[in-house]
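Structural overview for review
Take a look at the letters that make up each chain.
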Amino acid sequence: MTTPRPLTIVSIAAEVAPFSKTGGLGDVASSLPEAISRLGHRTIVVTPFYQFIASPSIKQIASNILFSLRDATELRMNIYESRLDNDTSVYFIEHPLLSRVDHPYNSDRNNERFYIFDHAVFALLKHLQIQPDILHCHDWHTGLIPEILNRSYRDDPSFMYTAAVLTIHNLAFQMGSPWKKTPKSLRDDGNRPLPPLSHRAKIRAINFMRRGIMYADILNAVSEQYAQEIQTNEYGEYLERLLKNRNDRLFGIVNGIDVQEYNPETDPGIRARFSARSIWRKATNKEYLQRRFRLPLAPHIPLIGMVTRFTRQKGFDILMRAMGTICSIPVQLVVFGGGDKKYEDYFAKMAKKHPKRIAAYLKFNTEDATKIYAGSDIFLMPSRFEPCGITQLIAMRYGTIPVARATGGLIDTIQNYQPFQHKGRGNGFIFRRYHSQSLIYALTRAIETYRRPAEWEQLVTRVMQMSFSWEIPAKRYLELFRTGLKRRRTWMESQAKHS
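My aim in this report is to walk through the structure given alongside it, one point at a time. Note that the structure is predicted; figures quoted are calculated from it, not measured.

Turning next to the overall build of the chain. In terms of regular secondary structure, the chain is built from 17 helices and 15 strands. Taking 2.2 N^0.38 as the reference for a compact globule, 499 residues should give roughly 23 Å; the C-alpha atoms of the chain span a radius of gyration of 24 Å, in line with that estimate. Intrachain contacts of the chain at a sequence separation of at least 6 include 73% that bridge at least 24 residues. If you sum the accessible surface of the chain, you get close to 21800 Å²; carbon and sulfur atoms cover 49% of it.

Now the structure itself:
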């Protein structure tokens, strides 16, 4: 049997850790290419060069490179280069409109910015003489790339047999402004050619995600459950019919995490390092959290942690309705993150009202996040929807047991704990109904289990021995890429017969 040839894969994303990161996308856009590279394939990452990026490893390699848009408008860009930890090349595109921001998405011209970026990707690859097998497009920001590939580069020898794979990280975000607020008369059906850059109103109305779904050779969501959910009215965000029509090319692959970066045995940011063989050291991290947030030093009271964006998606509305009950039982809660001001204000007030029970740290930084994972006993994720979720994987890596709603990737990664089965089964506590009482019931089950120390230790040990690395997901992506290449070749051959 012949060994499949190595592939050249170009991964394209609006953010790539450690250079730019606002959430899980930044982690995936760096960790997945590295994992695929370790399997013997050539991986290249392309991302915008934002003015806030500060890294001495980034070097400019080209300037004033001319590129054209669909309407023949000519623009110029600069190209920069750096490396990820395993020497994977990262190329950065600089253009004034794209780059001069203080946050990847804090602009009222996001559609224009990523319209430029998606066209510039092809010019960068041509300039560097890279002929990719796969253009791996991450989320809406790269949604025009499959269409540009099909409309402008179908007959270009560099891209003739290149397949476009679109990964849907969160279908709620489809363009640079909320889709639901776009006037119906301007809503993009994806069938008309892309408008010229000068038509700003039409550019603002482009639905990048819709067009990506329409033109990609392969689609995947970041969990198997989410791939099913987005074909329903509840989660489809007005694209469910289109996704159903293309479900023969829609797959689900659960994300992994960088197990070297998130490793309680080596993490320099936690108070005491530990492993599944030394779980007792985790207690030192709990004591540190209690001291830091001025909570009573109570080793026998379960400490619940949350590391999250403060949005409705994350279940804050049902959590707020459950807080009266939570404050009446012997637990401590540390909420870590930021976002919607109404949720921030609520938890700031609750922390003042219940200083011995609740602590709120209303800003996010990666350095402090692992302290929460390491020091908490229980990790709370009452999400309304969750395409994949990475924080529950990190929490379990640090021996913290998730309590989560059964949605999206949470179903695919958390199995409900069944204490009365042989040696207990499961790795967390799941509730299905999106309701505060269901949340309270699941949390109560976790607390009752915590009060049985030997059983809890066995559960923590089992969770810490589970593997959440990128190795298996990376192999599944490679299978997906090869499926995309076959589809692309078949489509190209059929087009040639009819031409």
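From this point, the discussion proceeds with the structure in view.
Another aspect to go through is the packing of helix H4 (residues 145-152) against helix H6 (residues 208-215). Where H4 contacts H6, the axes come no closer than 7 Å and their chain directions differ by 50°. Overall, the two elements H4 and H6 adopt an arrangement that is oblique. Touching Pro-146, Glu-147, Asn-150 and Arg-151 of H4 are Arg-211, Gly-212 and Tyr-215, all from H6. Here the contact of H4 with H6 is built from residues that sort into two nonpolar, two polar and three charged.

Applying the stated rule across the entire model yields 23 aromatic pairs. Ring geometry for Phe-49 versus Phe-92: centroids 5.8 Å apart, planes at 75°, classification edge-to-face. On the criterion of sequence distance, the pair formed by Phe-49 in the loop between strand S2 (42-48) and strand S3 (59-68) and Phe-92 in strand S5 (residues 89-94) is long-range, its members being 43 residues apart. Phe-92 shares its class with Phe-49; the two are buried. With a centroid separation of 4.5 Å and an interplanar angle of 5°, the aromatic rings of Phe-122 and Tyr-153 are classed as stacked. Of this pair, Phe-122 sits in helix H3 (residues 110-127) while Tyr-153 sits in the loop between H4 and strand S7 (163-168), and the two are 31 residues apart along the sequence.

Let us now look at the sheet that holds strand S8 (residues 218-221). Across the sheet, which stays open at both edges, the nine strands sit in the order S3-S4-S5-S2-S1-S6-S7-S8-S9 with mixed pairing between neighbours. Unpaired on one side and paired on the other, S3 and strand S9 (250-252) mark the two borders of the sheet. The mean inter-strand angle of the sheet, taken between neighbouring strand axes irrespective of direction, is 25°. Against the sheet, H4 makes contact with strand S1 (8-12), strand S6 (134-138) and S7, and its axis sits at roughly 145° relative to S6, the strand it touches most. Taken strand by strand, H6 contacts S7 and S8, and its axis lies near 135° from that of S7.

Moving on: the pairing of S6. Counting buried positions over the five residues of S6 gives five, a clear majority of the element. Here S6 shows no split at all, with Ile-134, His-136 and His-138 on one side and Leu-135 and Cys-137 on the other all buried. Here four bridges tie S1 to S6, and the two strands are oriented parallel to one another. Directly across from Ile-12, in S6, lies its bridge partner Cys-137. Across five bridges, S6 lies against S7 in parallel orientation. The residue bridging His-136 from the neighbouring strand is Val-165, located in S7.

Let us look at the side chain of Arg-211. Tracing the chain through its elements places Arg-211 in helix H6. Polar side-chain contacts of Arg-211 include one of 2.8 Å to the side chain of Asp-188. Excluding residues that lie within four positions of it along the chain, Arg-211 makes contacts with Gly-143, Leu-144, Glu-147, Asp-188, Gly-190, Arg-192, Pro-193, Leu-194 and Ile-206.

With 88 residues, the main nonpolar core has Met-323 and Phe-481 as its most contacted residues. The element that contributes the greatest number of residues to this core is helix H15 (residues 436-450), accounting for seven residues. With 71 residues, the next largest nonpolar core counts Met-77, Tyr-80, Trp-140 and Ile-203 among its residues.

A few words now on unusual backbone geometry. With an omega dihedral of 5°, the bond running from Ala-17 to Pro-18 counts as a cis peptide bond. Mapped onto the elements, Pro-18 comes out in the loop between S1 and helix H1 (24-38). With a phi close to 65°, Asp-139 is a non-glycine residue in the positive phi region. Along the chain, Asp-139 turns up in the loop between S6 and H4. For Asp-139, a relative accessible area of 6% corresponds to the buried category. Residue Arg-294 is not a glycine yet carries a positive backbone phi of 55°. Inspection of the secondary structure assignment puts Arg-294 in the loop between helix H9 (282-292) and strand S10 (303-310). By relative accessible area, which is 76% here, Arg-294 ends up exposed.

Read across the open sheet, the six strands follow the order S12-S11-S10-S13-S14-S15; overall the sheet is parallel. Edge positions in the sheet fall to strand S12 (358-361) and strand S15 (429-431), since each of these pairs with one other strand and no more. Going across the sheet, the axis of each strand differs from the next one's by a mean of 20°, ignoring polarity. Sheet analysis places S10 next to strand S11 (residues 332-339), joined by eight bridges and oriented parallel. Bridge assignment links Val-307 to a residue of S11, and that residue is Phe-336. In the packing of helix H16 (residues 453-464) onto the sheet, contacts are made with strand S13 (378-381), strand S14 (401-405) and S15, and the angle to S14 comes to roughly 80°.

What follows covers the pairing of S11. Counting buried residues along S11, six of its eight residues qualify, which places the element largely inside the surrounding structure. With four bridges joining them, S11 and S12 adopt parallel strand pairing. Directly across from Val-335, in S12, lies its bridge partner Ala-360. Remark: the S11/helix H11 (residues 341-353)/S12 crossover connection has right-handed handedness.

Quick notes on the rules
Residues numbered from 1 in each chain as written. Predicted model: local features only at pLDDT ≥ 70, side-chain atom pairs only at ≥ 80, totals over all residues. Heavy atoms only, no water. Helix = DSSP H or I, 4+ residues; strand = E, 2+ residues; numbered from the N terminus. Rg over C-alpha atoms; globule rule 2.2 N^0.38 Å. Contact = heavy atoms within 4.5 Å. Areas by Shrake-Rupley, 256 points an atom, 1.4 Å probe, with all protein chains shown as cover. Axes fitted to C-alpha atoms, helices over the stretch in contact; angles between N-to-C directions. Parallel < 35°, antiparallel > 145°, perpendicular 65-115°, else oblique. Nonpolar A, V, L, I, M, F, W, Y, C, P; charged D, E, K, R; others polar. Phe/Tyr/Trp six-rings, centres within 6.5 Å; stacked < 30°, edge-to-face > 60°. Buried < 20%, exposed > 50% of the residue type's maximum accessible area, 1.4 Å probe, protein only. Pairing = 2+ DSSP bridges. Polar contact = N/O pair within 3.5 Å; in protein donor to acceptor, adjacent residues only side chain to side chain. Core = buried A, V, L, I, M, F, W, Y, C linked by side-chain atoms within 4.5 Å. Right-handed = clockwise from strand over helix to strand, strands pointing away.

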